Amino acid sequence: MHRKYLQWESSGIPAFRGSLPRPLRWCACALRAVSGARACWCHCLSCCWVSARAMAASKPVEPQAGGALPRWQVALLFGAPVALGLGAAYLWYRRRAGEKRAGERKTPEGSASPVQGPRAAAQSEHEDTSPLDRAQAAKNKGNKYFKAGKYEQAIQCYTEAINMCPREQKSDLSTFYQNRAAAYEQQAKWTEVVQDCSQAVEMNPRYVKALFRRAKALERLDNKKECLEDVTAVCILEAFQNQQSMLLADKVLKQLGKEKAKDKYKNREPLMPSPQFIKSYFSSFTDDIISQPLQKGEKKDEDKDKEGEAAEVTGSSGYLKAKQYMEEENYDKIISECTKEVESRGRYTAEALLLRATFYLLIGNATAAQPDLDKVINMQDANVKLRANALIKRGSMYMQQQQPHLSTQDFNMAAEIDSRNADVYHHRGQLKILLDQVEEAVADFDECILLRPDSALAQAQKCFALYRQAYTGNNPSQVQTAMDGFEDVIRRFPRCAEGYALYAQALTDQQQFGKADEMYDKCIELEPDNATTYVHKGLLQLQWKQDLDMGLDLISKAIEIDNKCDFAYETMGTIEVQRGNLDKAIDMFNKAINLAKSEMEMAHLYSLCDAAYAQTEVARKYGLKPPTL
């Protein structure tokens, strides 16, 4: 398994990608391998909301219950071991946050805004009431009706206040319109709510209550785009301290992302990942028949050895041609050759079905992959290792589709039919980590190691699981034991890049940045064409040295090495958001969207893009911008 697919996150939940062709994302109610408590969508809007793991004094974040924010994240850290650090904006916002608890709205619904100017003092100086005084009296009467639940009478009073108020008293007028909108809201008259809030915002562009009320009404009217813009403005004005507005933004971004991804994904052009990605994927399997090199007797006629040994099959076998193309890294031809084998009902039909399904998964076509996997699993006379491998891949596919129960069933069935298959325990261990069942994960890794003592990957991931358990449990002695385990792994398996990568993440958590940097250098030495390592190293420079230029150079290098590395585009986009370069950020997110290998991944990326676009609109309309790097 590639190190991009098992990464440490703030809540201790790893970005499990193991046997999946694309990242699996996690949230509290739907399995998505991203986390970072309260580092949700607004992370894309402001660097103040970096994930908890990004903080220099990072601590394990416990799952939040009840009304807490979902574990959705437009993450700088998606699949990454490090982030940008605190930043001046975060510290500034934290100082301001001390005076106001998250989630509170001090002013009751339907009441006036705080007193504006010296009007109260002026009232006592005039015996005759002015038009403004009469308007205020009508508003106060309306407030009494509102609190009594008599909304129609309240609307009449607020209307009187609006009609009597001098046009130049914009602050008061905006309050009257907002109060009438609150009454319309109680009657579920959403169009009227939007109209009155718009009047209020036109007179007072930074009127938080009116903006938020309009956002809620726009959501009811299914106008998600404008709803997102309003709630983005609210979050910036409230310094990202109000849970209520944050939750609405989170909800709308998810909905927009899902809607756009659903349409885009079904019409997208399948795209083969980079050779490095494919090789890393297959390297996570050791008992996978289809990924093994061609045997001597399986060579095509033209590949017979000099002794003239007869080939078992001729060059007409589509499956054997596909295997040859795999060795040549000519991956685009594999699906068509497997199809020839299947349609001819050749000797290697089961193998061809499994290989074709695997490449369907790699290009993100789970719909086409599942029938092939189902057929192999149900072939009672097929090689048991083929059936077990198909169960592992279908189980991983179910996990990506947020169906953990079906995923667990498939992994358990694979263990039943092939109890000596190390791959089953390796990949089920990753699943258990994702499900926060660490002890069971360690037991699976132990079983894998028992069957394959030379499995460096399982050894490294076991250390990672133990470290994650100790870290989230705040157990320093067990943390040190896990760190010692990493040292043992890299000593015994010095050619295992994954061991260095996972150790680097643990070292970053412990703020041992220099040593973490050395581990990433070892990864690059072992796998110079692995783009994700450059991204990780680049992010480390940002957290460690606050060296933005070096970080961006390394991430750019990743794109140069692999222009299909969506992880690099996504990370670059999020950094550009935090630098205030929104147009460039949107361009990066769009590139990542075109490389997405699952609908869920695409929905996440669309949410990033929509959050950035909403910020551009808020800046244009209201001149509001959060602090940038």
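Details of the structure are given in the entry above.
An account of the accompanying structure is given in this report. The residue count restarts for each chain, going from 1 along the sequence in the order it is written. For a predicted model such as this one, the threshold for reporting local features is a pLDDT of at least 70, and the threshold for listing and counting side-chain atom pairs is 80 or more; totals across whole chains, interfaces and linings nevertheless cover every residue. Neither water nor hydrogens contribute to the side-chain values; these are computed over all heavy atoms in the structure.

## Some points on the side chain of Glu-351
And step 1. Helical segments are the DSSP runs of H or I of at least four residues, strand segments are the runs of E of at least two, and each set is numbered from the N terminus. Along the chain, Glu-351 turns up in helix 13 (residues 349-362).
And step 2. Three labels apply to residues, based on accessible area from a 1.4 Å probe with only protein chains included: buried if under 20% of the type maximum, exposed if over 50%, partly exposed otherwise in between. By the counting scheme adopted, Arg and Lys are positive, Glu and Asp are negative, and His together with the chain ends is not counted. One speaks of a salt bridge when a side-chain nitrogen belonging to Lys or Arg is within 4 Å of a carboxyl oxygen belonging to Asp or Glu. Although Glu-351 is buried, it makes no salt bridge; Arg-347 carries the closest opposite charge, 7.3 Å away.
And step 3. Any two residues whose heavy atoms approach within 4.5 Å are treated as being in contact. Those residues within four positions of Glu-351 in sequence are excluded, and the remaining contacts are Ile-290, Tyr-319 and Leu-386.

## Considering the pattern of salt bridges
And step 1. For the structure shown, the criterion picks out 34 salt bridges.
And step 2. Its salt-bridge partner being Arg-356, residue Asp-372 comes within 2.7 Å of it at the nearest N-O pair. One end of the pair, Asp-372, is in helix 14 (residues 366-377); the other, Arg-356, is in helix 13, and 16 residues separate them in sequence. No difference in accessibility class separates Asp-372 from Arg-356, as the two residues are buried.
And step 3. Here Arg-620 and Glu-617 are joined by a salt bridge, their closest N and O atoms 2.7 Å apart. Placement of the pair is Arg-620 and Glu-617 together in helix 27 (residues 599-622), with a separation of three residues, close to one helical turn.
And step 4. We classify Arg-620 as exposed; its relative accessible area is 58%.
And step 5. A cluster of three or more residues bridged by salt bridges with shared partners is formed by Glu-185, Arg-213 and Lys-216.

## Comments concerning helix 19 (residues 456-472)
Side chains of residues three or four places apart in an α-helix project in the same direction, reflecting 3.6 residues per turn.
And step 1. For helix 19, built from 17 residues, the straight-helix expectation of 24 Å at 1.5 Å per residue is met to within 8% by its first-to-last C-alpha distance of 24 Å.
And step 2. Within helix 19, 14 of the 17 residues are buried, which leaves it mostly tucked inside the rest of the structure.
And step 3. Asn-474 lies just past helix 19 and shows a positive phi near 55°. Expected helix span is taken as 1.5 Å per residue step, with the number of steps being one fewer than the number of residues.

## Remarks on the nonpolar core
And step 1. The nonpolar core is taken to be a set of buried Ala, Val, Leu, Ile, Met, Phe, Trp, Tyr and Cys residues, with the residues joined through side-chain atoms within 4.5 Å. Within the largest apolar cluster, 56 residues are counted, with the highest numbers of intra-cluster contacts made by Ile-334, Leu-355 and Phe-359.
And step 2. Ranked by residue count, the leading element in this core is helix 13, at ten residues.
And step 3. When neighbours within four sequence positions are excluded, Ile-334 is seen to be in contact with Ala-322, Tyr-325, Met-326, Leu-355 and Phe-359.
And step 4. Ranked by size, the runner-up nonpolar core spans 50 residues in total, among them Tyr-158, Ala-182, Val-201 and Leu-228.

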